[in-house]
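Geometric and topological summary
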Amino acid sequence: MQPGPLPSVDVSDEPSGPTGPPRCGPTPTQLGVTEPRPDDPLAVVAAGPAGAARRDVLASLLGLAPGMLAVPPGSWLLVDHARVPTRAAYVPGYRQPHAYAPDQSAAGPALARPPRRVELTVAEPLLRHFTVVDTPDTGTLGVAGGRVLLDAVGRAGALLFVIAAGQAFTAAELHLLAEAAHAAAEVFFVVTPGVSGWTLPPDGRPGAGSGRSDGPGARGRVTRSRRDPAWTDGTGASVPTGSGGRVTRPPTRSARTGGPVDPRPARPPADAAGPADAAGPVDAAGPVEVVLAAHRAALLAAVPALAGAHWYPARPEDVGALRRALVGWAADEGLRRASAQPPVLPGAHGRVPVSPGADATGWADRLDRQARSCAQRIRQDVALELANTHLRVVQEIVFGVGCAGLPQLLDRELEAISLLATAQCDAAVRALLDDAAGRVLGVPVPEGVRRRIGNAVRWGLADHPTGRDLDRVLLVTSTAGVTGLSGAGAVDAVSGYPARERVEVLPPIAVALSGGCWQHWRSPDNDDPGGARSWAQRALREVELELTRDVSRRFEAVRRSLGSVLSGAVDHGALLA
């Protein structure tokens, strides 16, 4: 007998096709810029370093007193339109928001921990076009906070970056701007006068940002803090900087030469230039134009994709140009999103017949194996992400924020893990639904039919014991344990930038720190780095155990509910949803 041909080196030993083990569909491996859905609300996300008077810029834009926009450190602020002004704080661990007066003199409720977000509604006509979202200072975000910010920018659609005249773009900010540019998010820049007014730093430039613009390796001679959260090793743990605030890595070519950045190679065409672009040499311009041109040149040396971004000087008495630009973007983006989805989805109404050979496809057995494969993959990804989180937390305890900053750091890390696990579960469930329903119906599943099946599966989750109380929050306690709080209100309070309406089958995964845990590590009596490291290891281990159990329960519930919906369709010859 002649031996058969040897398989290629890139062919797996496992059987493939209808008889092989089904694989889980593609899922995101890292949280980043999220593609907006057509029904996502428009928003402008404001970001920037501390000391850039970002709150004053937003107050001038909205016609409010700056004190009305004050929130606890680390909290997000959402400003929306309403006839009656209101303000409420959403705190993890509570099912109802804490409402307080929307005036400047209101101090807010006394809470055990800072809220994830504060929602303020005012009767400002500009907010009819979009929501304004203010975020924590970029220097305090870290690796996880930057990912959360990118997720919000992707869903919102626009980023308003505010920087002072005497400040430089850090490596973390350049990475953030590069990711936003690659995701086609609209970026607006506002430069405010620094402590010395419209003057550049002593070296005559805001920063010689240079290097790659497509990842966290964007480098340059920039003003640094004692630790820079953007420099990471393979696990994402931040790398300490050297003396003088500079990163302890070899400088790039432009940083070694020390010469000024020439913006001419990256200068955009005349029709793409922003309103603050100088028409001639910067020597003939005023101090404001010189500062804007210097910041723009430093940015384009590292992120050339932002050559068409708009730049505006911060003038409280004249914000008309910025308002007109934001309203114009909202009109175009709203039209684009509205035209991306028809008013009536295909297959939303009418009879959907079942394929005559649906029983022969073995869809039920394939659904069972594919659901187990997806649950296993997501459990592995969650465990790996928590391991990287543990490395970053330990490094920050020893070399960075210490024990007092542990609650804010860990809470933001858990928020990023929650968003990533939610995105992975949503993508995997969509793949399960499309594959199983496509085999039963015999045709690709239209969006309207997918929505009908998804609603039926969501309603049927509670019919199975594994599908009950999926909408719950996991709260880390001061004893390194994990407790649960059920309810849609409790899950909503954990979101820093919530979606207006969720159309996915499963509720989002939510993990946060409890108020007691927050107070425990903020106390000076518990300033013990060794004890904090041990506590963080035990707490993250408990979070991993709870999340893996929760993921398994979710996919078991989806498998049972989706199987019931499709079995009913096969028995009756048509989709009953």
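A quick note: this is a predicted structure, and the numbers were derived from the prediction, not measured.

1. Here's the deal with the pattern of salt bridges
- Applying the stated criterion across every chain, the model contains 32 salt bridges.
- A salt bridge links glutamate 333 to arginine 337; its shortest N-O distance comes to 2.9 Å. Of this pair, glutamate 333 and arginine 337 both sit in helix α6 (residues 320-339), separated by four residues, roughly a single helical turn. Across this residue pair, the class does not change: glutamate 333 and arginine 337 are buried.
- Its salt-bridge partner being arginine 372, residue aspartate 368 comes within 3.2 Å of it at the nearest N-O pair. Here the residue aspartate 368 and the residue arginine 372 both occupy positions in helix α7 (residues 363-399), the gap between them amounting to four residues, near one helical turn.

2. Thoughts on the confidence of the model for the protein chain
- Of the residues in the protein chain, 80% have a pLDDT of 70 or more, and the chain-wide mean is 81.
- Note that residues 1-19 has pLDDT below 50 and, in this model, six contacts with residues that lie over four places away or in other chains.
- Taken together, the stretch residues 208-284 has pLDDT below 50 and engages in 143 contacts with residues farther than four places along the chain or on a different chain.

3. Considerations on the packing of α7 against helix α8 (residues 406-441)
- Relative to each other, α7 and α8 sit at 165°, their axes nearing to 10 Å. On the basis of the axis angle, α7 is roughly antiparallel to α8. Where α7 crosses over α8, the handedness of that crossing is right-handed.
- Here the contact of α7 with α8 is composed, by residue class, of 20 nonpolar, three polar and eight charged.

4. Considering the state of the cysteines
- For the coordinates displayed, the defined rule picks out zero disulfides.
- Distance from the sulfur of cysteine 425, which forms no disulfide, to the nearest cysteine sulfur (cysteine 374) is 9.4 Å.

5. Some points on the packing of helix α9 (residues 447-460) against helix α12 (residues 529-572)
- Relative to each other, α9 and α12 sit at 125°, their axes nearing to 8 Å. When the axes of α9 and α12 are compared, the pair comes out oblique. The interaxial crossing formed by α9 with α12 has right-handed handedness. When α9 is examined against α12, the residues Ile453, Ala456, Val457 and Gly460 are found in contact with a partner set consisting of Ser561, Leu562 and Val565.

6. Some thoughts on the sheet that holds strand β15 (residues 482-486)
- Read from one edge of the open sheet, three strands run β15-β14-β16, paired in mixed fashion. Of all strands in the sheet, those bounded by a partner on one side alone are β15 and β16 (510-513). When strand polarity is set aside, the average angle formed by the axes of neighbouring strands in this sheet is 30°.
- Examined bridge by bridge, strand β14 (residues 472-476) and β16 share four bridges and lie parallel to one another. Paired with valine 473 across the bridge in β16 is alanine 510.

7. Considering the pairing of strand β1 (residues 43-47)
- Buried residues dominate β1, accounting for five of its five residues.
- Neither face of β1 is left uncovered, since the one carrying Ala43, Val45 and Ala47 and the one carrying Val44 and Ala46 both have all their residues buried.
- Looking at chain direction, β1 and strand β6 (residues 131-134) are connected through four bridges and run parallel. Across the sheet, alanine 46 pairs through a bridge with aspartate 134, a residue of β6.
- As defined by bridge partners, β1 adjoins strand β7 (residues 157-164) across five bridges and the pair is classed as parallel. Opposite valine 45, over in β7, you have leucine 159 as the bridge partner.

8. Thoughts on the environment of serine 561
- Within the element layout of this structure, serine 561 appears in helix α12.
- Considering only alpha carbons, one finds serine 561 and glycine 454, 107 residues apart in sequence, at a separation of 9.9 Å.
- What serine 561 contacts, discounting residues up to four positions off in sequence, is Ala456, Val457, Gly460, Leu461 and His464.

9. Here's the deal with the nonpolar core
- Ranked by internal contacts, the top residues of the largest apolar core, which has 65 residues, are Ile453, Trp535 and Phe555.
- Within the residue set of this core, elements represented by two or more residues are α7, α8, α9, β14, β16, α11 (515-522) and α12.
- If one sorts the elements of this core by residue count, α12 sits on top with 16 residues.
- If sequence neighbours within four positions are ignored, tryptophan 535 has contacts with Leu406, Leu410, Val476, Thr477, Ser478, Thr479, Ala480, Cys517 and Trp521.
- Counting residues in hydrophobic clusters, the runner-up holds 42 residues, among them Trp76, Phe161, Phe169 and Leu420.

10. Here's the deal with the sheet that holds strand β13 (residues 310-313)
- Taken in spatial order, the nine strands of this open sheet run β4-β3-β5-β2-β6-β1-β7-β8-β13, and their pairing is mixed. Two strands in the sheet have a free side with no partner beyond their single neighbour: β4 (98-99) and β13.
- Here strand β3 (residues 86-90) runs beside β4; their pairing, made up of two bridges, is antiparallel. Residue alanine 89 lies in a different strand from β4, and its bridge partner there is histidine 98.
- Against the sheet, helix α5 (residues 287-302) makes contact with β7, β8 (186-192) and β13, and its axis sits at roughly 145° relative to β13, the strand it touches most.

11. Some details on the pairing of β7
- Of all eight residues in β7, eight are buried; the element is thus mostly enclosed.
- Once you follow β7 into helix α3 (residues 171-182) and on to β8, the crossover reads as right-handed.

12. Focus: unusual backbone geometry
- Despite not being glycine, alanine 53 has its phi angle at roughly 55°, a positive value.
- Checked against the element boundaries, alanine 53 lands in the loop between β1 and α1 (54-62).
- Relative accessible area serves as the criterion here: at 33%, alanine 53 is assigned to the partly exposed category.
- Its identity as a non-glycine residue notwithstanding, alanine 480 has a phi of 70°, on the positive side.
- You can see alanine 480 is positioned in the loop between β14 and β15.

Analysis parameters
Residues numbered from 1 in each chain as written. Predicted model: local features only at pLDDT ≥ 70, side-chain atom pairs only at ≥ 80, totals over all residues. Heavy atoms only, no water. Salt bridge = Lys/Arg side-chain N within 4 Å of Asp/Glu carboxyl O. Helix = DSSP H or I, 4+ residues; strand = E, 2+ residues; numbered from the N terminus. Buried < 20%, exposed > 50% of the residue type's maximum accessible area, 1.4 Å probe, protein only. pLDDT = per-residue confidence, 0-100. Contact = heavy atoms within 4.5 Å. Axes fitted to C-alpha atoms, helices over the stretch in contact; angles between N-to-C directions. Parallel < 35°, antiparallel > 145°, perpendicular 65-115°, else oblique. Left-handed = near helix turned anticlockwise from the far one by under 90°. Nonpolar A, V, L, I, M, F, W, Y, C, P; charged D, E, K, R; others polar. Disulfide = S-S within 2.5 Å. Pairing = 2+ DSSP bridges. Core = buried A, V, L, I, M, F, W, Y, C linked by side-chain atoms within 4.5 Å. Right-handed = clockwise from strand over helix to strand, strands pointing away.

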